[in-house]
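# Structural description and commentary
Listed below, chain by chain, are the residues.
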Number of protein chains: 2
Amino acid sequence: MAGSELTNIKSPRVKAARRLTKRAFRDRDRSFLAEGPQAVREALALDDVVTELFTTAEAESRHAEIVAAARDAGIPVHRASGEVMAELAQTVTPQGLLAVCRFVHVPLERSLTDETRLVAVLAHVRDPGNAGTVLRAADAAGADAVVFTDASVDPYNGKCVRASAGSLFHLPVVTGAPVTQAVRALKDAGLRVLAADGAGERTLDDVDLSGPTAWIFGNEAWGLPKEILELADDVVRVPIYGRAESLNLATAAAVCLYASARSQRAAGAQSPAPKLP
Amino acid sequence: MAGSELTNIKSPRVKAARRLTKRAFRDRDRSFLAEGPQAVREALALDDVVTELFTTAEAESRHAEIVAAARDAGIPVHRASGEVMAELAQTVTPQGLLAVCRFVHVPLERSLTDETRLVAVLAHVRDPGNAGTVLRAADAAGADAVVFTDASVDPYNGKCVRASAGSLFHLPVVTGAPVTQAVRALKDAGLRVLAADGAGERTLDDVDLSGPTAWIFGNEAWGLPKEILELADDVVRVPIYGRAESLNLATAAAVCLYASARSQRAAGAQSPAPKLP
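Residues numbered from 1 in each chain as written. Chains lettered and ligands numbered in written order. Predicted model: local features only at pLDDT ≥ 70, side-chain atom pairs only at ≥ 80, totals over all residues. Heavy atoms only, no water.

### Describing the domain arrangement of chain A
Residues and elements named next belong to chain A. Each domain of chain A was delimited in the assignment, giving domain 1 (12-102) and domain 2 (108-268). Measuring from the centre of the C-alpha atoms in domain 1 to the corresponding centre in domain 2 gives 30 Å. With 15 residues of domain 1 at the contact, the number on the domain 2 side is twelve residues. Across the domain 1/domain 2 interface, buried area totals approximately 1100 Å², and carbon plus sulfur atoms make up 58% of it. Taken together, the links from domain 1 to domain 2 amount to three salt bridges. Across the salt bridge formed by arginine 162 and glutamate 35, the nearest N and O atoms sit 3.3 Å from each other. Summed over the shared surface of domain 1 and domain 2, the number is four residue pairs in polar contact (both at pLDDT 80 or more). Where the side of domain 1 that touches domain 2 is concerned, the elements lending two or more residues are helix H2 (23-29), strand S1 (31-35) and helix H3 (36-44). Grouping the constituent residues of the side of domain 1 that touches domain 2 by class yields eight nonpolar, three polar and four charged. (Domains from an automatic or database assignment. Contact = heavy atoms within 4.5 Å. Buried area = accessible area lost by both parts, 1.4 Å probe. Salt bridge = Lys/Arg side-chain N within 4 Å of Asp/Glu carboxyl O. Polar contact = N/O pair within 3.5 Å; in protein donor to acceptor, adjacent residues only side chain to side chain. Helix = DSSP H or I, 4+ residues; strand = E, 2+ residues; numbered from the N terminus. Nonpolar A, V, L, I, M, F, W, Y, C, P; charged D, E, K, R; others polar.)

Structure below.
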């Protein structure tokens, strides 16, 4: 790499990236930070998402292929000192790679197609780590989209991006949708809308999950408000077979999404494919 | 309550409790701290577990029934100032109730009976929050026991106790067992031992989970070492239907444990009960 290393944490370039740790600046610049080799690699796999890459000398030698991919794509690569990286990164032990990325979310209507079979809706999820973990679980379970409503945390919060482990870049993510609008769009797209809540009379074991389904997940502490429970086609709880009062949000979401995924696949295996390519 | 309020963070009583935030002192005193109304309530439901209760005035009026239950059981109740509670509690916003508890774990051999059908083994889980979340999920899924091997975090770590949300007091927990010894005991008890690992050739969808099963969960970052994979009867991965590289440890554990619980229940519903009471 030609050129100098960024060593001044007060340089304009560093300050411009650093302020993306704040939501107001993210929204203004329509950009966010993705840290670490996994997230950067996934971001680079998309066209026109990464606009700048910061790397320490050590990370550049350790992850040469990632840095080379950025250069090949014409993305400005800035060598940064350890001090500058520590200023930009939000982790205790920064991994030395940090990308400035354009927003990747899509409008609600574009996230849903005739093929949409499984969607996760985060209705009142406030903890960014939980939100990112649900996003990762939804991706693992093969969800077609994840919707963050306007009452949920910002998906571009650094903790959410990290907890998603790259999944933010894998599937259509919607943000800021009013929940009523999201539920209407999901129903219009032919999905059955299930609210996951401990108040549900029916459990995962009692419902047929083989059809197209959207799951709504609520707040870590108090679940879902009555208005949302009433909007849903059904309220379903994860059965508690032991003595725990409940599951934590991300584990409950993973159990629901995998139950859907397995039922849909089992049903798909039994019936002829609905469409030929 | 008669008597004075503890206001000095350097008083011997406060210091004796405070040092239980360190493992060496926990092991010496065979005692640990349980914070918050939920954990304290669950601890009080067991005989001879809580040895002291600290409460702020506010928590005592808010949770009068918990404090009364402690007094009725002859447990010393200490009124503490907000400052003392902040010193003892490990949370940012302490909930004003904190119990000193005797160790509740049981020996490995006592955790297993002829009726044991589902066990979770934490083999190399290092993050206490993850460990507590797995313990809570195991309880919710109706597990009969949870085994922490000697390479896993201390179940009495404050973060683990909090993340377990009371489940530490709900089912037999074993700690410090060497993994080879644990696997042998589980096999001797008639359980099929499955290692949950992304390296598994078979997925949850390919294995019959209807029989008595023990799941071994590994490290957050690197999974399970080869020796443990070889000890297990089978290595099984959670299928990834989407593009995520993996699931996080606690969500993967929840999906595995619930898959077992549901298979066992479905099998139980189809066949006559094996034993009459």
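So, next bit.
### Thoughts on the sheet that holds strand S6 (residues 145-149) of chain A
Residues and elements named next belong to chain A. If you trace the seven strands from one edge of the open sheet to the other, you get S7-S6-S5-S10-S8-S11-S9, paired in parallel fashion. Each having just a single partner strand, strand S7 (173-177) and strand S9 (202-203) make up the two edges of the open sheet. Its contacts with the sheet put helix H10 (residues 179-188) on strand S5 (118-122), S6, S7, strand S8 (192-196) and strand S10 (213-217), and the angle it makes with S8 is roughly 135°. Those strands touched by helix H12 (residues 249-270) are S5, S8 and S10, and its axis lies near 175° from that of S10. (Pairing = 2+ DSSP bridges. Axes fitted to C-alpha atoms, helices over the stretch in contact; angles between N-to-C directions.)

### Some points on the nonpolar core
Membership of the largest hydrophobic core comes to 130 residues, with the highest contact counts inside it found for A:Trp215, A:Phe217, B:Trp215 and B:Phe217. Apart from residues lying up to four places away in sequence, B:Trp215 is in contact with B:Leu118, B:Val119, B:Ala120, B:Val121, B:Leu194, B:Ala196, B:Leu204, B:Leu209, B:Val236, B:Cys256, B:Leu257 and B:Ser260. (Core = buried A, V, L, I, M, F, W, Y, C linked by side-chain atoms within 4.5 Å. Buried < 20%, exposed > 50% of the residue type's maximum accessible area, 1.4 Å probe, protein only.)

### A few points about the pattern of salt bridges
Tallied over the entire structure, the rule returns 34 salt bridges over all chains. Among the ionic pairs, A:Asp233 bridges to A:Lys187, the shortest N-O distance being 3.8 Å. Of this pair, A:Asp233 sits in the loop between helix H11 (226-231) and strand S11 (234-237) while A:Lys187 is found in helix H10, placing the two residues 46 residues apart along the sequence. The class for A:Asp233 is partly exposed, based on a relative accessible area of 41%. The residue B:Arg71 makes a salt bridge to B:Glu60 at a minimum N-O spacing of 3.3 Å. Of the two residues, B:Arg71 sits in helix H5 (residues 64-72) while B:Glu60 sits in helix H4 (residues 57-62), which places them eleven residues apart along the sequence. On the basis of relative accessibility, which here comes to 35%, the residue B:Arg71 falls in the partly exposed class. Look at the salt bridges and you will find they share partners, linking A:Arg23, A:Arg26, A:Asp27 and A:Asp154 into a network.

### Regarding the interface of chain A and chain B
Often, the extent of an interface is quoted as the loss of accessible area upon association of its parts. Across the boundary between the two partners, chain A contributes 34 residues, which contact 34 residues of chain B. Of all residues in chain A, A:Tyr241, A:Arg243 and A:Arg262 bury the most surface against chain B, accounting for 23% of the area lost on that side. Of the charged contacts in the structure, one is a salt bridge between B:Asp205 and A:Arg262, with a shortest N-O distance of 2.8 Å. Joining chain A to chain B, the criterion identifies 24 residue pairs in polar contact (both at pLDDT 80 or more). Of all the secondary-structure elements, those providing two or more residues to the side of chain A that touches chain B are H3, helix H8 (128-140) and H12 of chain A. Class assignment for the residues of the side of chain A that touches chain B results in 17 nonpolar, nine polar and eight charged.

### Details of the UniProt feature "domain: RNA 2-O ribose methyltransferase substrate binding" (unreviewed entry) in chain A
With numbering matched to this structure, UniProt assigns "domain: RNA 2-O ribose methyltransferase substrate binding" (unreviewed entry) to residues 33-107 of chain A. Strand forms 24% of residues 33-107 of chain A and helix 41%; the C-alpha atoms that close the span are 21 Å apart. (UniProt positions renumbered as here; feature names shortened; annotations may be inferred.)

### Some details on the pairing of S5(A)
Residue and element names in this part refer to chain A. With five of five residues buried, S5 is to be regarded as a mostly interior element. With five bridges connecting them, S5 and S10 associate as parallel partners. Note that in S10 the partner of alanine 120 across the bridge is tryptophan 215. In this sheet, S6 lies alongside S5 in parallel orientation, the contact comprising four bridges. By the bridge assignment, leucine 122 is partnered in S6 with phenylalanine 148. Handedness of the S5-H8-S6 crossover: right-handed. (Right-handed = clockwise from strand over helix to strand, strands pointing away.)

### Some remarks on the state of the cysteines
Counted under the stated rule, the structure contains zero disulfides over all chains. Distance from the sulfur of A:Cys101, which forms no disulfide, to the nearest cysteine sulfur (A:Cys160) is 13 Å. Its sulfur unpaired, B:Cys256 is 16 Å from the next cysteine sulfur, which belongs to A:Cys256. (Disulfide = S-S within 2.5 Å.)

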